[in-house]
Amino acid sequence: KTVTSYRLTGAFEYEEVGPTGELKHGKVGEDTFTNQAKTYGKMFVITRTDLINDDLGALTALPRRIGRGGALKLNKVFWAAFMDNGSFFTGERGNYAEGSGSALGVDSLTAAELLFLNQTDPDGPPLAVAPRILLVPPALLVEATQLMKSLEIRDTTASKKFATSNPHAGKFDVEYSTYLSNSTITGYSAKAWYLLADPADMPVIEVAFLNGQQTPTVERADADFNVLGIQFRGYFDFGVALQEYRAGVKIKGEA
């Protein structure tokens, strides 16, 4: 069934208490986010002939491969949901930027951080959540790593004065995914990158598991009575859904 999570909103800021000692009532609202677990699975039958002819023991790895298939499906569903984000990251929401100057670098990273920090919560005050994760495709991994580890940034332009300190050194955790630039997934890009909040503070996307089980279930049984052999099956119950759009910004990395 569909599950709904809530994030409380409202006027939580304290007000000065007067001489009477009376506290004023606040009003509470809520943002809602939904998710729904679905079941994914696969089964295989190994005949007695296959088992006898398997001199190298290749079929003994089948349960592990079935388990890996569940993990691969989770990755595919997760990144498909994350990257199909044309209506999630938008200029109107203040969490999206593009243009020739948006390619990953010191200046664009500064602009992305400012874009993130300028967001407000539903009540109007600043969001008060800082970005923590710099998410990039593999093509930008070296650039992102250099930006986080280099203590100096130098300009090769002659006779130009510049500061050599790197204001972003060590500021964000660099993470990458090969799915971001995989052409089989809608929204793929080798140039787009993201600044995201720590999921513990505010998740931009959520994975829901049935009864909290975060690994696939792999089972073995004898094949049907009319078949000499054994059969394996694996299944995995999970759901993926985008959540709080204020928890991240997307930078297109190009015009």
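The sections below set out a description of the structure shown in this document. Everything numeric here is computed off the predicted structure, so don't read it as measured data.

Thresholds applied
- Residues numbered from 1 in each chain as written.
- Predicted model: local features only at pLDDT ≥ 70, side-chain atom pairs only at ≥ 80, totals over all residues.
- Heavy atoms only, no water.
- Helix = DSSP H or I, 4+ residues; strand = E, 2+ residues; numbered from the N terminus.
- Rg over C-alpha atoms; globule rule 2.2 N^0.38 Å.
- Buried < 20%, exposed > 50% of the residue type's maximum accessible area, 1.4 Å probe, protein only.
- Contact = heavy atoms within 4.5 Å.
- Areas by Shrake-Rupley, 256 points an atom, 1.4 Å probe, with all protein chains shown as cover.
- Lys, Arg positive; Asp, Glu negative; His and termini not counted.
- Charge placed at Lys NZ, Arg CZ, Asp CG, Glu CD.
- Salt bridge = Lys/Arg side-chain N within 4 Å of Asp/Glu carboxyl O.
- Pairing = 2+ DSSP bridges.
- Patch = residues over 30% accessible without salt bridge, like charges linked within 9 Å, V, L, I, M, F, W, Y side chains within 5 Å.
- Phe/Tyr/Trp six-rings, centres within 6.5 Å; stacked < 30°, edge-to-face > 60°.
- Lys NZ or Arg CZ within 6 Å of the ring centre and 35° of its normal.

1. With respect to the overall build of the protein
Logical step 1: When its secondary structure is counted, the protein shows 4 helices and 11 strands.
Logical step 2: The C-alpha radius of gyration of the protein comes to 25 Å, more than 25% above the 18 Å expected for a compact globule of 255 residues.
Logical step 3: Expressed as a percentage of its 255 residues, the buried residues of the protein come to 33%.
Logical step 4: For the protein, long-range pairs separated by at least 24 residues make up 75% of all intrachain contacts whose partners lie at least 6 apart in sequence.
Logical step 5: Carbon together with sulfur atoms contributes 52% to the accessible area of the protein, which is approximately 16,100 Å² in total.
Logical step 6: Separation of charge centres in the protein, based on 25 positive and 30 negative side chains, amounts to 6 Å.

2. What to know about the pattern of salt bridges
In a structure, side chains of opposite charge can pair up when their charged atoms sit close to one another.
Logical step 1: Scanning the model with the defined rule gives 8 salt bridges in all.
Logical step 2: One salt bridge connects K252 with E98, and the closest N-O pair in it is separated by 3.8 Å. Of the two residues, K252 sits in the segment after β11 (248–251) while E98 sits in the loop between β4 (96–97) and α3 (106–117), which places them 154 residues apart along the sequence.
Logical step 3: In this structure K252 comes out as partly exposed when scored by relative accessible area, which is 26%.
Logical step 4: Under the relative-accessibility criterion, E98 is labelled partly exposed at 48%.

3. A few points about unusual backbone geometry
Logical step 1: At A128, a residue that is not glycine, the phi angle is positive and equals roughly 60 degrees.
Logical step 2: Along the polypeptide, A128 turns up in the loop between α3 and β5 (131–136).
Logical step 3: Among the residues examined, A128 registers a relative accessible area of 77% and is labelled exposed.
Logical step 4: For N211, which is not glycine, the phi torsion reads 55 degrees and is therefore positive.
Logical step 5: Classification of N211 as exposed rests on a relative accessible area of 76%.

4. A word on the pairing of strand β7 (residues 193–197)
Logical step 1: With respect to burial, β7 is a largely interior element, 5 of its 5 residues being buried.
Logical step 2: The two faces of β7 match: W193, L195 and A197 on one face and Y194 and L196 on the other face are all buried.
Logical step 3: Where β5 and β7 come together, 4 bridges link them in antiparallel fashion. Directly across from L135, in β7, lies its bridge partner Y194.
Logical step 4: Sheet analysis places β7 next to β11, joined by 4 bridges and oriented antiparallel. Within the sheet, the bridge partner assigned to L196 lies in β11 and is G248.

5. A few points about the pairing of strand β9 (residues 217–222)
Logical step 1: Sheet analysis places β9 next to strand β10 (residues 229–242), joined by 6 bridges and oriented antiparallel. In the sheet register, R220 faces β10, and the bridge partner there is F232.

6. Section: a nonpolar patch on the surface
Logical step 1: Together, L8, F12 and V28 make up a nonpolar patch on the protein surface, roughly 320 Å² of accessible area in all.
Logical step 2: Taking relative accessible area as the criterion, L8 reaches 54% and is therefore assigned exposed.

7. Section: the packing of aromatic side chains
Logical step 1: Counted by the stated rule, this structure contains 10 aromatic pairs.
Logical step 2: Between W79 and Y179 the ring centres are 6.5 Å apart and the planes differ by 10 degrees, which places this aromatic pair in the stacked class. Highlighted residues: W79 in helix α2 (residues 62–83) and Y179 in the loop between β6 (173–176) and β7, separated in sequence by 100 residues.
Logical step 3: Residue classification places W79 among the buried positions, given a relative accessible area of 11%.
Logical step 4: Members of the aromatic cluster, joined through ring pairs, are F78, W79, F82, F88, F89, Y179 and Y194.
Logical step 5: Directly above the aromatic system of Y245 lies the positively charged group of R93, at a separation of 4.2 Å from the ring centroid.

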